[in-house]
Amino acid sequence: MSETDLHIQVAGFLHSTLGPDCLWTSIGHGGFKLPIKVAVRLKAIGVRPGIPDIAFFPRNRPAHFIELKMPGKYPEPHQRELHAILRGLGSPVAVCRSVDEVEGTLRAWMIPMRGRIAA
């Protein structure tokens, strides 16, 4: 399985699980070899390297973020640096390697999920 496959599995889980009390979106800026022109344009419009893969916006709470990695892989230094900045701003950040880890993280964050009891 590739990291893109993991993203697709997690997206399916989130579509079926999160309700109206938490908006989420994938940050579609990584994981692909982009043509240099595209990369330059993304940088020019302010896309920040290191932003986690998925952003969650729970009602009346700060944004939360998940970085997806394959088992045995870890965030790059620039990702860890930006994750620390986000945490310093009050936004939780987690690294997850499976759908089960994503679900466990959402439970720990007490994000409302349809048909599931939060921890």
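Overview of the structure.

About the criteria used
Once a new chain begins, its residue numbering starts again from 1 and follows that chain's sequence as written. At least 70 in pLDDT is required for a residue's local features to be given in this predicted model, at least 80 for side-chain atom pairs to be given and counted, and no such filter applies to totals for whole chains, interfaces and linings, which use all residues. Only hydrogens and water are removed before side-chain values are computed, so all heavy atoms of the structure are retained for them. Each helix corresponds to a stretch of at least 4 residues labelled H or I by DSSP, and each strand to a stretch of at least 2 residues labelled E; elements are numbered beginning at the N terminus. Between the first and last residue of a helix there are one fewer steps than residues, each counted as 1.5 Å, and that sum is the expected span. Only protein chains enter the accessibility calculation, which uses a 1.4 Å probe; a residue whose area is less than 20% of its type maximum is buried, one above 50% is exposed, and one in between is partly exposed. Note: the arc covers the axis-to-C-beta directions of the helix. Residues are treated as being in contact if the distance between any of their heavy atoms lies within 4.5 Å. The rule for pairing is simple: two strands pair if DSSP sees at least two bridges between them. We call a crossover right-handed when, viewed with the strands running away from us, the connection from the first strand over the helix to the second turns clockwise. Nonpolar cores are built from buried Ala, Val, Leu, Ile, Met, Phe, Trp, Tyr and Cys residues. Side-chain atoms within 4.5 Å join them into one set.

Its 12 residues place the ends of helix 3 (residues 77-88) 17 Å apart at the C-alpha level, agreeing with the 16 Å of an ideal helix rising 1.5 Å per residue. Within helix 3, the full set of buried residues consists of Gln79, Leu82, His83 and Leu86. Projection of helix 3 onto a plane perpendicular to its axis shows the buried side chains occupying an angular sector of 105 degrees, all on one side. Exposed side chains of helix 3 directed beyond 90 degrees from the buried face belong to Pro77, Glu81 and Gly88. Looking at the packing, one finds that the buried side of helix 3 touches strand 3 (64-68) and strand 4 (93-96).

Attention now goes to the pairing of strand 4. Bridge analysis of strand 3 against strand 4 gives four bridges, and the strand direction is parallel. In the strand pairing of strand 4, phenylalanine 65 is matched with valine 93. Taken together, strand 3, helix 3 and strand 4 form a β-α-β motif whose crossover is right-handed.

Attention shifts here to the nonpolar core. The biggest cluster of nonpolar side chains holds 21 residues, and the ones touching the most others in it are Val10, Leu14, Leu18, Phe56, Leu68, Val102 and Leu106. Counting residues per element, this core draws most heavily on helix 1 (residues 3-17), at five residues. If we skip the residues at most four places from it in the chain, leucine 18 touches Trp24, Phe56, Leu106, Ile111, Pro112, Met113 and Arg114. Core analysis: the next-biggest nonpolar cluster, separate from the first, contains five residues, Ala63, Phe65, Leu86 and Val93 among them.

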